[in-house]
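Each chain, letter by letter, is given below.
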Amino acid sequence: MIVFDRVSKVYPGGNTALKNVSLHIQKGEFVFVLGHSGAGKSTFLKLILREEKATSGRVFVNGKDLTRMKERDVPYLRRNMGVVFQDFRLIPSMTAYENVAFAMRVTNIPEKKIASRVPYVFSLVGLSEKMDKYPDELSGGEQQRVALARALVHSPQLIIADEPTGNIDPELSIEMMELLSAINSVGITVVVVTHEHELARHFSKRVITIDHGNVIGDSQNRQNAGED
Ligand code: ADP
Ligand code: ADP
């Protein structure tokens, strides 16, 4: 699903954000990407979304080489991934329903399909009752679930959650993780990017740890999960 083959990223100005990173994330996995601020997590995400290009090495998503992808193919790449941003990025002047419907409208999906799909994704995130609320009428956890509903709208094969605990209460972050687990259980690959060790440790999932642009740990490579 995601392959990094000796990927380095050096920003103009000389900051090296990733150094010779190689990793594989298989279809259907649930993976935490863990690292302190400045470790290179955002850069990792930007490379997957093709918001940035690798300085050297190759990045593959779903078999496609992003380092060679044409600009015009980038929107299709992104449609295959649902991203839940840390700040949710909901449009305040639109209801929850409209926020999700809008993500479908911009890709010219017929209204009839939108009208059946949107309530369905709200039911998946357990927010059917609040579709007609505006973002400022919803709690942080609820806004996050709207963002997740929107991320699911194009039936992506990959869901990425960027710092999902950043803007919500601790109890709600467990709830969010359970939702992501449920989504993962139907075969969707889930990548959770976080700086919170506790979150990553709380679940028995694969944890890839990055530090100063290097992959310094990958729980999958340990003979004995459960140590530490
Ligand atoms: P994280 O998301 O883990 O905090 P980042 O990927 O944002 O890490 O940053 C990794 C390193 O790259 C840091 O040293 C950061 O200052 C640097 N960096 C990130 N984005 C840029 C940029 N656009 N220009 C220059 N340096 C950057
Ligand atoms: P976070 O770690 O919460 O994702 P950061 O504070 O690391 O956010 O970065 C916020 C934004 O600023 C990101 O888009 C990142 O690429 C960019 N950025 C980080 N460090 C630098 C830098 N040294 N120069 C320019 N842009 C940077």
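Because the structure is predicted, anything quoted here is derived from the model rather than measured.

**Q** Help me understand the site of ligand 2 in this model?
**A** Contacts to ligand 2 come from N15, S42, K46 and Q86. Between ligand 2 and N15, the relevant distance is 3.4 Å, taken from a nitrogen atom to a side-chain nitrogen or oxygen of the residue. Here an oxygen atom of ligand 2 sits 2.6 Å away from a polar atom, N or O, in the side chain of S42. The protein chains hide 33% of the 560 Å² of surface that ligand 2 would expose on its own. Partitioned by chemical class, the residues of the shell around ligand 2 number no nonpolar, 3 polar and 1 charged.

**Q** Could you clarify how one ought to interpret the site of ligand 1 in this entry?
**A** Around ligand 1, the surrounding shell consists of Y11, N15, A17, H36, S37, G38, A39, G40, K41, S42 and T43. In this structure, an oxygen atom belonging to ligand 1 sits 2.6 Å away from a main-chain N or O atom of G38. A distance of 3.1 Å separates an oxygen atom of ligand 1 from a polar atom in the backbone of A39. Relative to its free-state accessible area of 560 Å², ligand 1 is covered by the protein chains to the extent of 65%. Per-element tally for the shell around ligand 1: the top contributor is helix 1 (residues 41-48), with 3 residues. Among the residues forming the shell around ligand 1, the class breakdown is 3 nonpolar, 7 polar and 1 charged.

**Q** Honestly, the side chain of K9 in this entry has me stumped. Any pointers?
**A** Relative to the helices and strands, K9 resides in strand 1 (residues 2-10). For K9, a relative accessible area of 7% corresponds to the buried category. If we ignore the near neighbours within four places in the chain, the residues touching K9 are N15, T16, A17, L18, T43, L47, E52, K53 and T55.

**Q** Where do I start with the environment of A182 in this structure?
**A** Relative to the elements of secondary structure, A182 occurs in helix 6 (residues 170-185). Looking at A182, the relative accessible area reads 42%, which means it is partly exposed. Through-space distance from the C-alpha of A182 to that of L90 is 23 Å; in sequence the pair is 92 residues apart.

**Q** Looking at this structure, I do not really get the nonpolar core. What am I missing?
**A** Nonpolar side chains in soluble globular proteins generally cluster together in the buried interior. Residues F32, L148, I159, L180 and V192 are the most contacted members of the largest nonpolar core, which totals 42 residues. Those elements that provide at least two residues to this core are strand 3 (30-34), helix 3 (96-105), helix 4 (111-124), helix 5 (140-152), strand 7 (158-162), helix 6, strand 8 (189-194) and helix 7 (197-202). Residue contributions to this core peak at 6 residues, all from helix 5. Every residue in contact with F32, bar those within four places of it in the chain, is listed here: M177, V192, T194, L199, A200, F203, K205, R206, V207 and I208. I2, V7, V74 and I160 belong to the second largest nonpolar core, which has 32 residues in total.

What counts and how
Residues numbered from 1 in each chain as written. Chains lettered and ligands numbered in written order. Predicted model: local features only at pLDDT ≥ 70, side-chain atom pairs only at ≥ 80, totals over all residues. Heavy atoms only, no water. Near = heavy atom within 4 Å. Polar contact = N/O pair within 3.5 Å; in protein donor to acceptor, adjacent residues only side chain to side chain. Areas by Shrake-Rupley, 256 points an atom, 1.4 Å probe, with all protein chains shown as cover. Nonpolar A, V, L, I, M, F, W, Y, C, P; charged D, E, K, R; others polar. Helix = DSSP H or I, 4+ residues; strand = E, 2+ residues; numbered from the N terminus. Buried < 20%, exposed > 50% of the residue type's maximum accessible area, 1.4 Å probe, protein only. Contact = heavy atoms within 4.5 Å. Core = buried A, V, L, I, M, F, W, Y, C linked by side-chain atoms within 4.5 Å.

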